[in-house]
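Descriptive analysis of the structure
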Amino acid sequence: MSKNRRRIEIRFRVNRKLRRVCVHPLTRLLDILRLELGLTGTKEGCGEGECGACAVLMDGELVNSCLIPAVQLHGRSIETIEGLSKRGRLHPIQQSFIQRGGTQCGFCTSGMIMASVALLMGKKHPSSAQIGEHLAGNLCRCTGYSPIVDSVRKVGKK
Amino acid sequence: MRTKHIGERVPRREGGLKVSGRARYVDDWTLTGALYGVTVRSPVARGIIRQIGYPAGTPWEQFTIVTAADIPGSNSVANLEKDQPFLAVDRVQHAEQAILLLAHPNKSLLEKARRAVSLDIEHLPAVLSLESSLAQEQVVWGHNNVFKELKIEKGNVDGVLNNAPVIVEGEYWTGAQEQLYLETNGMIAVANPKEGVTVWGSMQCPYFVHKALMELFSLPMEKVRVVQMETGGAFGGKEDYPSVLAGHAALLAWKSGKPVKMVYDRGEDMAATTKRHPSRTQHRTVVDRNGKLLAMDIDFAIDGGGHMTLSPIVLSRGSIHAAGPYYCPNIRIHGRAVATNTPPHGAFRGFGAPQSLFALERHMDKVARTVGLSPVEFRRRNFIRQGESTATGQRIRESIQMEKLLHRALKETNYEKKVRLFAKQNLKAKVKKGMGVSCFFHGAGFTGSGEKRLASVVAVEATEQGKLRVLASITELGQGAVTIFTQIAADALGISGQDIEVAQADTAFVPDSGPTVASRTCMIVGKILESACIELKQTLIQNGLLKERYTSNAFRAACKKYVKQHGQLKSFAQYQQPSHIQWDDEKHEGDAYGTMAWAIYIAEVSVDLSTYEIRVDDFLALQEIGKVMNPLLAEGQIIGGVVQGIGYTLHENVIWNKGRMVNNRITDYIIPTSMDVPPVRVIFEENPYEFGPSGAKGIGELPLDGVAPAIVNAIESATGAAINRIPVTPEVLLEAMENTNE
Ligand code: FES
Ligand code: FES
């Protein structure tokens, strides 16, 4: 490949583990996760920040990983869908999505769940309207959204 | 049969994999040494390829380049007609047509090379709209641009029209719609002369792809293997297109000798793959003094794009649904699917029915108004009843109760009261409110003799662990096929769902159960699965391994024993056409479908006349779908379908320029978000269908069919705007308002 391709070393945390990658400074976080680290749970739906399929948490904030270049990652802490279940046990939000039809084809699901986690960190019991508003950056073509809103609203309930 | 699983809110079986990011979609998988592949496409809608150039500055020798000349077998995609090449030869028939393929290990170099290829194409005059194709402004396909023409006739329409004092006429238009499944099309291929061709990818119909690859490479059946990966939505958009993409990936793999992965980016997927057919429908209707339909004369035309692909069957379904759930003694439906030089249009949930039903249900409101009846009363007087026959002469065998459904829907929405209230409030309000109704049916399974021709097969086998494995080419697309099959098999065998496995759709292991389309998975294939299960159980009983009554444990033990004794236990079942289905393909006459699902939708909207913003405030979806197999999944199908329908009606506007979609980005092509959707209230009525598993009918497509007319009828009731086209952009609304005020 071309010789003048600059690579930089990035150290950051992914799902609480320290990681080191050597990439071009403009490599997208999405590609680092999927191609460098093999974390393919984060999906690409549009590649331009419009669908939310690639959403992850960066220092606890919801971001679209297709818009984050490697240069911004140094010292950060990223959480992806793979980090959510602990020791093989699903997070209550994941269980709620299964139970209430919050996932159909599953392609939006990782991003949806990460967005929901971000919301629930700030607000324990959001209303349907608040959930709808918060998830407006995450597209789903299958569910029609209300099963997802329901999944978030009823987390932890029977 | 005792049912423990059917009818329950069984959660999606593969849900755990999906919520934890462990489900494997095609792009999540890499083969070592794989190349990436891309497509060089025509920017021109119609033309002659004069030259393909590879300008200096790109190390072309590093690239695998495939053109039509490299194709080992037939350069036409297996479909109804052999008019669609995998790669263009000499001529370009539509914008975005694939001309050549490139592969390279480095994605960014590949992209540069794709742009560097120079195409010298001589422009030919193109046909870029349905109207200009119908008018034959240019003949771009066959001798008259017509892919398919059909006539459905019942009674004597001309006799009535000639003597009618009043004929109510209307013309209705619908636009293209992009499926916008969240996962774009993707395929991985390994191909060489020795081992043959294997592809893994996102798709609905593995055996369509299988057939396409056999012909493309002139290979025997056993040398081609097609494996469906987890598929991130399809909605019809992955019915025929994956055959093209699989062919492309395999051609690159064949020539390079390396595995090749092709995954479209969103822009390419939107611009180059299939969309819903744009349509125009003309209605001429005669009604008697009592408000009963006397004659319906319907002309239905759809824009098929550059190649025939599936257009004739989309046309057929759209035409058959064009007269809707009403009885009329004299009906004529004239259908045409015509060519334009846009990318081929294809399957999308509803398959022609949403188009013709939009026209019908808008027109019913118009006719009602003309004869001085309310939309509700006019429909009530004309609903088809048991014993009466449809447009194709299909006698309704079941006791349908559209009146009862309508009554319930009106009550649930407080319809009459709201209509009166809104009429009063609208006099002063800036934001006008309105209610709209639509009534419709959707036939499940292939039309007419289609299922008989498919003759689908399902197998079940016992595993060494004593579990039961379902083998079918039906694909899980998010609709819940795996869960429904589990429920059917578990109840047919009286065992636990945990003991059922559903095999991945891999042509090396599963028989051809037909395509995953046409709302046929549960009703048609589910029934075959049920038979296969019963047969396997009988084998165990006849061999003395199982008593008539048994537990899950006993079943497991019996299976293990049988497998140990005989090596394997496998039973096959094939589709059996119910004897009541009689169909004449030539005349389009007879029993179009084994049964239909019936529905009433009511929309409540508000229209802000200062911003021309339209909001759907409430939506009731009431449907009779036979036995509801899994209310959780069924509700998901309905809500999801309704929301796609809301997009179709209000937001989703494909903008064309010279045959190309120019707003091929999610930013510019707007689908509903969680902020745009009303609460969708779903109500089921059950009228079990004798020949469906446990009485189930099809459900997949129904929910999209009736959304647009319900909403547009509501907009008209709010504003008086006689809108005759979707999507209802602010411009369309404004224009309709101006026409109304004149
Ligand atoms: S892929 Fe990042 S927002 Fe769509
Ligand atoms: S579940 Fe398919 S896009 Fe959301």
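Residues numbered from 1 in each chain as written. Chains lettered and ligands numbered in written order. Predicted model: local features only at pLDDT ≥ 70, side-chain atom pairs only at ≥ 80, totals over all residues. Heavy atoms only, no water.

Residues and elements named next belong to chain A. Following both chains from N to C, one finds helix 2 (residues 92-99) and helix 5 (residues 146-153) inclined at 140 degrees, their axes separated by 8 Å at the closest point. If you check the angle between helix 2 and helix 5, you find them oblique. As helix 2 runs across helix 5, the sense of the crossing is right-handed. Contact residues: Ile 93, Ser 96 and Phe 97 in helix 2; Ile 148, Ser 151 and Val 152 in helix 5. (Axes fitted to C-alpha atoms, helices over the stretch in contact; angles between N-to-C directions. Helix = DSSP H or I, 4+ residues; strand = E, 2+ residues; numbered from the N terminus. Parallel < 35°, antiparallel > 145°, perpendicular 65-115°, else oblique. Left-handed = near helix turned anticlockwise from the far one by under 90°. Contact = heavy atoms within 4.5 Å.)

Next up on the list: the domain arrangement of chain A. All names here are of chain A. Split by domain assignment, chain A resolves into domain 1 (8-83) and domain 2 (92-156). One C-alpha centre belongs to domain 1, the other to domain 2; they are set 21 Å apart. Three residues stand out in domain 1 for area buried against domain 2, namely Leu 57, Leu 62 and Ile 81, and they jointly supply 41% of the buried area on that side. Inspection of the domain 1/domain 2 interface yields zero salt bridges. Summed over the shared surface of domain 1 and domain 2, the result is three residue pairs in polar contact (both at pLDDT 80 or more). Broken down by element, the residue count for the side of domain 1 that touches domain 2 peaks at three residues, all from strand 3 (residues 55-58). Its residues assigned to classes, the side of domain 1 that touches domain 2 shows seven nonpolar, five polar and four charged. (Domains from an automatic or database assignment. Buried area = accessible area lost by both parts, 1.4 Å probe. Salt bridge = Lys/Arg side-chain N within 4 Å of Asp/Glu carboxyl O. Polar contact = N/O pair within 3.5 Å; in protein donor to acceptor, adjacent residues only side chain to side chain. Nonpolar A, V, L, I, M, F, W, Y, C, P; charged D, E, K, R; others polar.)

So, about the interface of chain A and chain B. In this assembly, 44 residues from chain A lie in contact with 48 residues from chain B. Interface area for chain A against chain B, summed over the two sides, is near 3600 Å², with a carbon-plus-sulfur share of 59%. Here chain A is connected to chain B by five salt bridges. Here B:Asp27 ties to A:Arg34 by a salt bridge, and the two come within 3.6 Å at their closest N and O atoms. Here chain A and chain B share 18 residue pairs in polar contact (both at pLDDT 80 or more) between them. Put simply, the parts of the chain that give the side of chain A that touches chain B at least two residues each are helix 2, helix 3 (109-122), helix 4 (128-134) and helix 5 of chain A. Considering each element in turn, the side of chain A that touches chain B owes the most residues, four residues, to helix 2 of chain A. Taken together, the residues of the side of chain A that touches chain B break down into 18 nonpolar, 16 polar and 10 charged.

Now for unusual backbone geometry. All names here are of chain B. Between Ile 726 and Pro 727 the backbone carries a cis peptide bond, its omega angle lying at 0 degrees. Mapped onto the elements of the fold, Pro 727 is located in the loop between strand 30 (725-726) and helix 20 (730-741). Of note in this structure, Asn 414 is not a glycine but carries a positive phi near 55 degrees. For Asn 414, a relative accessible area of 40% gives the class partly exposed. Of note, Ser 519 is a non-glycine position whose phi angle comes to about 50 degrees, a positive value. Note that Ser 519 resides in the loop between strand 21 (500-502) and helix 15 (521-542). Residue class for Ser 519 comes out buried when judged on its relative accessible area of 13%. (Buried < 20%, exposed > 50% of the residue type's maximum accessible area, 1.4 Å probe, protein only.)

Turning next to the pairing of strand 17 (residues 330-339) of chain B. Residue and element names in this part refer to chain B. The buried count for strand 17 comes to 10 of 10 residues, which makes it a mostly enclosed element. Taking every second residue as pointing to the same face, both faces of strand 17 are buried, with Asn 330, Arg 332, His 334, Arg 336 and Val 338 on one and Ile 331, Ile 333, Gly 335, Ala 337 and Ala 339 on the other. Sheet topology places strand 7 (residues 146-154) next to strand 17; eight bridges connect them, and they run antiparallel. Paired with Lys 148 across the bridge in strand 17 is Ala 337. (Pairing = 2+ DSSP bridges.)

Take the nonpolar core next. All names here are of chain B. With 152 residues, the main nonpolar core has Ile 600, Tyr 601, Phe 619, Ile 711, Ile 715 and Val 728 as its most contacted residues. A per-element tally of this core places strand 25 (residues 596-608) first, with 10 residues. The next biggest cluster of nonpolar side chains, apart from the first, holds 46 residues, and it includes Ile 500, Ala 558, Leu 633 and Ala 696. (Core = buried A, V, L, I, M, F, W, Y, C linked by side-chain atoms within 4.5 Å.)

All names here are of chain B. Taken as a whole, this structure holds 13 aromatic pairs over all chains when the rule is applied. Here Tyr 601 and Phe 619 contribute two aromatic rings whose centre-to-centre distance is 5.4 Å and whose plane-to-plane angle is 80 degrees, an arrangement assigned as edge-to-face. Linking Tyr 601 in strand 25 with Phe 619 in strand 26 (residues 613-624), this pair joins segments that are 18 residues apart in sequence. Take Phe 619: its relative accessible area is 0%, and that puts it in the buried class. Taken together, the ring pairs connect Tyr 54, Trp 60 and Phe 63 into an aromatic cluster. The ring centre of Tyr 648 lies 4.9 Å from the NZ or CZ of Arg 276, which sits over that ring. Looking at Arg 520, its charged tip hangs above the ring of Phe 446, at a distance of 5.7 Å from the centre. (Phe/Tyr/Trp six-rings, centres within 6.5 Å; stacked < 30°, edge-to-face > 60°. Lys NZ or Arg CZ within 6 Å of the ring centre and 35° of its normal.)

A few words now on the side chain of B:His104. All names here are of chain B. Along the chain, His 104 falls in strand 5 (residues 98-104). Overall, the relative accessible area of 3% leaves His 104 in the buried class. Here the side chain of His 104 touches Gln 62 through a polar contact of 3.0 Å, side chain to side chain. Once you skip the residues sitting within four places of it in the chain, His 104 turns out to touch Leu 35, Tyr 36, Gln 62, Phe 63, Leu 109 and Leu 110.

Residues and elements named next belong to chain B. On the basis of which strands lie adjacent, the open sheet formed by seven strands has the order 3-5-1-13-10-11-12 and mixed pairing. The open sheet has two edge strands, strand 3 (64-66) and strand 12 (224-228), and neither has a second partner. Adjacent strand axes in the sheet meet at a mean angle of 20 degrees, parallel and antiparallel pairs treated alike. Summarising the sheet, strand 1 (residues 35-41) and strand 13 (residues 260-263) pair through two bridges and their orientation is parallel. Looking at the pairing, Leu 35 lines up with Val 260 of strand 13. Contacts from helix 5 (residues 206-217) reach strand 11 (196-201) and strand 12 within the one sheet, and its direction differs from that of strand 12 by about 150 degrees.

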